[in-house]
Amino acid sequence: MILHDLNAIFVHVPKTAGNFLTRDYLKRYSNDTLIATGHQDGVDRFEVRGEVTTHKHMTLSEYSKSLDLRDAYVITSIRDPVERLVSAYFSPHRRFRLTARARFISSLAALLKFDAKIGPDAYREEEIIMEAQAFREFVREQLRFRDYLHGYAEAKGLFLLRKDSPLQDLNAVLQFLGRSPFDLPEQSQFINKANYQLSDSQQADCRQIVMDSLHAADYEYIKQLEKDAIDLGWKE
């Protein structure tokens, strides 16, 4: 999302409180628009479109094709890589599947080149089961933090929002940029409404799968991000 009024780019890494931040706070600084597509409800699940923004989870490299990063700040939120990937595996959008009838209409529309207008009622919700092999394949397909933020060093500066205190960190960003901070709600921490439960052994298996993947390097990468980011008062 382009935050036009802050001269910044928000890089929304999936499952790092980005929807919460975008919907309730960041959208007021942007000319980009929140829209609902497919099974999305437009509130908790939505997409983002704008003159440059073509999808919600655009990488910084994608933005750099249209924008000079030297003229903008970069804002992103961070989270433990294992937690992020487990949360992404159970993400609500993965539970929705097109019905057989909707798949047929969609295929026919693609063949005959007409707009099928597939709406929310064309989807059915399915339960997601944690299976080691399925999770391993899922992890292999996901972009890493470094994939989303490649090129951040070219920007005017990098701001990091920690997932456990995104609003406090966002207020620190606003103050740094000379803007008025938000009045924080009584419960100012982001509450993750997890829709899954894992046993101790499943949690251990998931951690091992991530640590055996390319995502393990994200732990060191996040340390580098924290080192390079503009100090918002929480650096050691």
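Just above, that's the structure.
I will try to describe carefully the structure that is included in this document. Bear in mind the structure is a predicted one, so any value in this text is a computation, not a measurement.

1. Focus on the overall build of the chain
Step number 1: Of regular secondary structure, the chain possesses 9 helices and 8 strands.
Step number 2: Looking at the chain residue by residue over its 236 residues, the buried ones come to 44%.
Step number 3: Across the chain, every contact between residues at least 6 apart in sequence was considered, and the portion connecting residues at least 24 apart equals 74%.
Step number 4: Roughly 13000 Å² of accessible area belongs to the chain as shown, and the carbon and sulfur atoms make up 47% of that amount.

2. Focus: the side chain of H12
Step number 1: Within the element layout of this structure, H12 appears in the loop between β2 (8-11) and α1 (18-24).
Step number 2: Excluding residues that lie within four positions of it along the chain, H12 makes contacts with G18, N19, T22, K56, H57 and Y148.

3. Some thoughts on the packing of helix α5 (residues 132-141) against helix α8 (residues 200-211)
Step number 1: Where α5 contacts α8, the axes come no closer than 10 Å and their chain directions differ by 35°. In the crossing of α5 with α8, the sense of the turn from one axis to the other is right-handed. Of α8, the residues touching α5 (which contributes A132, F135, R136 and V139) are C206, I209 and V210.
Step number 2: Grouping the constituent residues of the contact of α5 with α8 by class yields 6 nonpolar, no polar and 1 charged.

4. A closer look at the packing of aromatic side chains
Aromatic ring pairs are defined here through the distance separating the ring centres and the angle between the ring planes.
Step number 1: Evaluation of the coordinates by the stated rule reveals 10 aromatic pairs.
Step number 2: Consider the rings of Y89 and F138, whose centres lie 5.6 Å apart with planes at 80°: the pair is edge-to-face. Residue Y89 is located in helix α3 (residues 81-89), and its partner F138 is located in helix α5; the two are separated by 49 residues in the primary sequence. Accessibility assignment for this pair places Y89 and F138 in one class, buried.
Step number 3: Connected via pairs of aromatic rings, a cluster forms that spans Y89, F90, F135, F138 and Y196.
Step number 4: A cation over an aromatic ring shows up here: K56 above the ring of F46, its NZ or CZ 4.9 Å from the ring centre.

5. Brief notes about the nonpolar core
Step number 1: Residues L3, I9, L21, I75, L149 and L170 are the most contacted members of the largest nonpolar core, which totals 48 residues.
Step number 2: Other than its neighbours up to four places away in sequence, L170 contacts L21, Y25, L26, L161 and F182.
Step number 3: Of all hydrophobic cores here, the second largest spans 15 residues; its members include F135, F138, L198 and C206.

6. Notes on unusual backbone geometry
Step number 1: Although it is not a glycine, K15 sits at a positive phi angle of roughly 65°.
Step number 2: With respect to the helices and strands, the residue K15 is situated in the loop between β2 and α1.

7. Describing helix α7 (residues 166-176)
Step number 1: With 8 of 11 residues buried, α7 lies mostly within the body of the structure.
Step number 2: Taken together, the buried positions of α7 are occupied by P166, L167, D169, L170, N171, A172, V173 and L174.
Step number 3: In the core, the buried residues of α7 are packed alongside α1, β5 (73-78) and β8 (157-162).
Step number 4: Note on α7: the residue one or two positions beyond its end, G178, has a positive phi of about 80°.

8. A short note on the sheet that holds β5
Step number 1: Strand order in the open sheet formed by 4 strands is β1-β2-β5-β8, and the pairing between neighbours is mixed. Unpaired on one side and paired on the other, β1 (2-3) and β8 mark the two borders of the sheet.
Step number 2: Note that β5 and β8 share 6 bridges and pair parallel. Following the sheet pairing, I75 is matched in β8 by F159.
Step number 3: Here α7 sits on the sheet and contacts β5 and β8; the angle it forms with β8, its principal contact strand, is near 155°.

9. Focus on the environment of S30
Step number 1: Structurally, the position occupied by S30 is in the loop between α1 and β3 (33-35).
Step number 2: Contacts of S30, omitting those with residues within four sequence positions, involve M1, I2, L3 and H4.

10. Quick notes on the packing of α3 against α5
Step number 1: Put simply, α3 and α5 touch, their axes get as near as 10 Å, and they point 110° apart. When the axes of α3 and α5 are compared, the pair comes out roughly perpendicular. Along the contact surface, α3 presents L85, V86, A88 and Y89, while α5 presents A134, F135, F138 and V139.
Step number 2: Class assignment of the residues belonging to the contact of α3 with α5 gives a composition of 8 nonpolar, no polar and no charged.

Scoring rules and cut-offs
Residues numbered from 1 in each chain as written. Predicted model: local features only at pLDDT ≥ 70, side-chain atom pairs only at ≥ 80, totals over all residues. Heavy atoms only, no water. Helix = DSSP H or I, 4+ residues; strand = E, 2+ residues; numbered from the N terminus. Buried < 20%, exposed > 50% of the residue type's maximum accessible area, 1.4 Å probe, protein only. Contact = heavy atoms within 4.5 Å. Areas by Shrake-Rupley, 256 points an atom, 1.4 Å probe, with all protein chains shown as cover. Axes fitted to C-alpha atoms, helices over the stretch in contact; angles between N-to-C directions. Left-handed = near helix turned anticlockwise from the far one by under 90°. Nonpolar A, V, L, I, M, F, W, Y, C, P; charged D, E, K, R; others polar. Phe/Tyr/Trp six-rings, centres within 6.5 Å; stacked < 30°, edge-to-face > 60°. Lys NZ or Arg CZ within 6 Å of the ring centre and 35° of its normal. Core = buried A, V, L, I, M, F, W, Y, C linked by side-chain atoms within 4.5 Å. Pairing = 2+ DSSP bridges. Parallel < 35°, antiparallel > 145°, perpendicular 65-115°, else oblique.

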